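# Geometric and topological summary
The chain contents come next:
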Amino acid sequence: MSEAKDLRKKRKEPFPGAYYLAGAITIALMLLFLALGASLPPGAAGFLVAFVLGLTVNPRYVPYFLAAGVFSAFMGFGGREPQVAWGGVALVLSQLLVRRFVRD
């Protein structure tokens, strides 16, 4: 029981309201990318959204997202769906960046 109390003490906010500020920033960025994605052509929108979201992946799951990106790119180009195709390419690139810069 005392270990649980110690964990709670270590997980304090850096400053009062830090988590609310982080949530507001996250929602603002999501809305920004939603607006950008809606105003761009399908290929560019797919690339932008998949690349940015791919950078947020836990490094433990990089191989799975890398496989999903390859599959999406293959199927998107094969089916002539530019949003899916370029999103898959962006997902592959983002996963390579995550793997390169985040070491387990």
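It should be emphasised that the depicted structure is a prediction, and the values quoted were computed from it without experimental measurement.

Along the chain, Gln-95 turns up in helix H5 (residues 82–101). You can call Gln-95 buried: its relative accessible area is 0%. Within polar-contact distance, the side chain of Gln-95 engages the backbone oxygen of Gly-54 at 2.8 Å. When neighbours within four sequence positions are excluded, Gln-95 is seen to be in contact with Gly-54, Val-57, Val-62, Phe-65 and Leu-66.

Take a nonpolar patch on the surface next. On the surface, a nonpolar cluster with roughly 580 Å² of combined accessible area is contributed by Phe-15, Leu-21, Ile-25, Leu-29, Leu-32, Leu-36 and Leu-40. Looking at the element boundaries, Leu-40 is found in the loop between helix H2 (18–39) and helix H3 (42–54). Under the relative-accessibility criterion, Leu-40 is labelled partly exposed at 33%.

Attention shifts here to the packing of helix H4 (residues 62–78) against H5. Running from N to C, H4 and H5 point in directions that differ by 155°, and their axes come no closer than 7 Å. Our classification of the angle between H4 and H5 gives roughly antiparallel. When the axes of H4 and H5 are compared, the crossing they make is left-handed. Facing H4, whose interface residues are Val-62, Pro-63, Phe-65, Leu-66, Ala-68, Gly-69, Val-70, Ser-72, Ala-73, Gly-76 and Phe-77, H5 presents Val-84, Ala-85, Trp-86, Gly-88, Val-89, Leu-91, Val-92, Gln-95, Leu-96, Val-98 and Arg-99. A per-class count over the contact of H4 with H5 returns 16 nonpolar, five polar and one charged.

Glancing now at the packing of H2 against H3. H3 packs onto H2 with a crossing angle of 160° between their chain directions and a minimal axis gap of 8 Å. Classed by the angle they form, the pair H2 and H3 counts as roughly antiparallel. Within the contact between the two elements, H2 uses Phe-33, Leu-36 and Gly-37 and H3 uses Ala-45, Leu-48, Val-49 and Val-52. Here the residues of the contact of H2 with H3 sort into six nonpolar, one polar and no charged.

To continue, consider the confidence of the model for the protein. Across the protein, the average pLDDT comes to 87, with 88% of residues at or above 70. By mean pLDDT, helix H1 (residues 2–10) is the weakest element of the protein at 60, and H4 is the strongest at 96.

What counts and how
Residues numbered from 1 in each chain as written. Predicted model: local features only at pLDDT ≥ 70, side-chain atom pairs only at ≥ 80, totals over all residues. Heavy atoms only, no water. Helix = DSSP H or I, 4+ residues; strand = E, 2+ residues; numbered from the N terminus. Buried < 20%, exposed > 50% of the residue type's maximum accessible area, 1.4 Å probe, protein only. Polar contact = N/O pair within 3.5 Å; in protein donor to acceptor, adjacent residues only side chain to side chain. Contact = heavy atoms within 4.5 Å. Patch = residues over 30% accessible without salt bridge, like charges linked within 9 Å, V, L, I, M, F, W, Y side chains within 5 Å. Areas by Shrake-Rupley, 256 points an atom, 1.4 Å probe, with all protein chains shown as cover. Salt bridge = Lys/Arg side-chain N within 4 Å of Asp/Glu carboxyl O. Axes fitted to C-alpha atoms, helices over the stretch in contact; angles between N-to-C directions. Parallel < 35°, antiparallel > 145°, perpendicular 65-115°, else oblique. Left-handed = near helix turned anticlockwise from the far one by under 90°. Nonpolar A, V, L, I, M, F, W, Y, C, P; charged D, E, K, R; others polar. pLDDT = per-residue confidence, 0-100.

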